[in-house]
Amino acid sequence: MTAARNVVLIARRELLAMVGTMTGWVILAAVLAVDGLLFNGFALEGIRRSADVLTRFFYFSSGTTMVAAIFISMRLLAEERQAGTLPLLYASPVQDVEIVLGKFFAGFLFLCGLTLLTAYMPLLILVHGKVSAGHLAAGYLGLFLLGSACVAVGTFASALARTQIVAGIVGGALLVALLVTWQLSRVAEPPFAGLFAALALHNLHFVPFESGVIHLRDVAYYLLMTWVLLFAATRVVEARRWR
Amino acid sequence: MIQVDGLTKYYGARAAIRDLSFRISSGEVVGFLGLNGAGKTTTLKILAAVLLPSSGTVRIDGMDVAQAPRSLKQRIGYLPEEAPLYDEMTVGEYLRFVAELHGVSAARASAAVEAVEERTDLRSAHAELLGSLSHGYRQRVGVAQALVHGPSILLLDEPSKGLDPAQIIEMRTLLRSLRTTHTVLVSSHILPEIAQTCDRLLVIRDGELVAQGTEHELEQRLGGSGSVVVEVRGSAAAAESALRGVEGVRCVTVVSGDEDRVELRADAPEALRPAIARAVLAAGLDLLRLDVGQDRLESLFLRLTGGTEA
């Protein structure tokens, strides 16, 4: 109970900081603008079936979600260290895992809010076409799960780095590494080919969501990825108490 | 009670503190004195469970701080060297956040914030953004955040750092007001500052505890490092001779003066002032001024901490 309260307290403060400063609004505006441009330029290009337009929408939204997740999460712990506020959390009756979870949930909730604001685009398809609610729900579930894993990547990078910029670079590099493992799977021999393919952040696991298909395997993958990265971030935060 | 035993902390190969051991009783206000880099901040961080020691233990009422149960941390208020403030929050929001983080219920948090704002004279700044506050106010908010959850132990790392004289006096008054209700460990590299507020001093040099005791005890141990300034009307030679005749005076220097007015400095404990006054009068001189030398505390501090005397 106390743990949950602490997580909520830390997440709430972080969320208020995001909406109370320009950074959060700039990220939000940039993502919506890019999504809108891509929707207009690519998804609505030519004559397509509504389902195809929606699939394309989720495809490019996954890209903006990943980039936004890194920008949102790079500040989470690195900024506390830069501003000298981490000792406040360390000296409080709060466990390291609660600090990490509070930070993660703040970033994740902000990303979810931002993602939901893109809903007007698929709803526009309804004006001249027909969209399945299942397809819509599956696509957004995929974006949330992908976003969760990416915010966890950023949280881990933010725990490692001393500054936000370095956290952004480390987070971006980790994200790219997780994206290109599918290419490694093409050139690697079994059993590594299968392992690399399974690890890839986007190709194998996100594509079904784009098309409105939910595999338990993919849901488990994103949740596991989130858990592993948050576990690693917690270990890094704990290790900081030794230095 | 705070019990520190064999506390050692290495940063890489460098030992920031080595084998520190001391005790602080409940209700004591203890000054932690040392030059910059002596290991004060590292020690306070370990006491606040912000940092883990390489070896040794810190126990508060028998509980190991490194294990840091929630109930123990709720009893500690910690002000780091730089006040840990979130610039985008107002003073009230921030203090409420810190109170709730330390286990104060949401229902009681408003009252706790109001009380600590009264105590630290921050009521007028309640709605101010932390980012817009002056250094003095930021430091005051830093102390307020250490107090807001009602801890019984306060660890304050250089609370007077960067404050102007008026703010230093306010901070001193605040520390004095905590004397009966809190156990306080306050670090500083300014001896006169903490000598006036603390019951006892711990002196750290190059990571090792080199002395502890009251200011008077430390002075005694160093063979009396004080000086007394005397101003008389009369001959400088007669005055010098009179002072040299007082038992316990180690050295006498004529600082300035002419035939009517002479200022002398005698290296002697301040307790010798009555004897010095009698000697001056017995020599037929007029005593115009008798004061404790202003450099007494600085001299003691430099001797204790290994600094260089000018």
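Each value, and the rule that gives it
Residues numbered from 1 in each chain as written. Chains lettered and ligands numbered in written order. Predicted model: local features only at pLDDT ≥ 70, side-chain atom pairs only at ≥ 80, totals over all residues. Domains from an automatic or database assignment. Contact = placed C-beta atoms within 7 Å. Helix = DSSP H or I, 4+ residues; strand = E, 2+ residues; numbered from the N terminus. Nonpolar A, V, L, I, M, F, W, Y, C, P; charged D, E, K, R; others polar. Pairing = 2+ DSSP bridges. Axes fitted to C-alpha atoms, helices over the stretch in contact; angles between N-to-C directions. Buried ≥ 20, exposed ≤ 12 C-beta atoms within 10 Å, placed from the backbone.

Enquirer: What am I meant to see in the domain arrangement of chain B here?
Expert: By a widely used convention, the size of an interface equals the accessible area lost when the partners come together. Here the domain parsing of chain B yields domain 1 (2-220) and domain 2 (227-292). Each of domain 1 of chain B and domain 2 of chain B has a C-alpha centre, and these two points are 42 Å apart.

Enquirer: Even after reading the chapter, I still don't get the interface of chain B and chain A, so can you show me in this structure?
Expert: Contacts between chain B and chain A engage 22 residues on the former and 18 residues on the latter. Broken down by secondary-structure element, the contributors of at least two residues to the side of chain B that touches chain A are α2 (70-73), β6 (76-79) and α3 (91-101) of chain B. Counting residues per element, the side of chain B that touches chain A draws most heavily on α3 of chain B, at 4 residues. Residue composition of the side of chain B that touches chain A, grouped by class: 14 nonpolar, 3 polar and 5 charged.

Enquirer: Quick question: what am I supposed to make of the sheet that holds strand β3 (residues 29-33) of chain B here?
Expert: Remark on secondary structure: sheet strands pair via backbone hydrogen bonds, oriented parallel or antiparallel. Residues and elements named next belong to chain B. Across the sheet, 6 strands lie side by side as β6-β7-β8-β3-β9-β10; this open sheet has mixed pairing. This sheet does not close on itself; its edge strands, each paired only once, are β6 and β10 (208-213). Each strand axis lies, on average, 15° off the axis of its neighbour in the sheet, ignoring direction. Where β3 and strand β8 (residues 183-188) come together, 5 bridges link them in parallel fashion. Residue pairing across strands places F32 opposite S187, the latter belonging to β8. Against the sheet, helix α1 (residues 40-47) makes contact with β3, β7 (153-157), β8 and β9 (200-205), and its axis sits at roughly 150° relative to β7, the strand it touches most. The sheet contacts of helix α5 (residues 135-147) involve β6 and β7, and relative to β6 the element is tilted by about 165°.

Enquirer: Is there a simple way to explain unusual backbone geometry in this structure?
Expert: Negative phi is the rule for most residues except glycine; trans is the rule for most peptide bonds. Residues and elements named next belong to chain B. Despite not being glycine, D121 has its phi angle at roughly 60°, a positive value. With respect to the helices and strands, the residue D121 is situated in the loop between α4 (106-119) and α5. D121 sits in the partly exposed class, given 14 other C-beta atoms within 10 Å. With a phi angle near 50°, D206 is a residue other than glycine that sits in the positive phi range. Position of D206 relative to the elements: it lies in the loop between β9 and β10. Take D206: there are 16 C-beta atoms within 10 Å of it, and that puts it in the partly exposed class.

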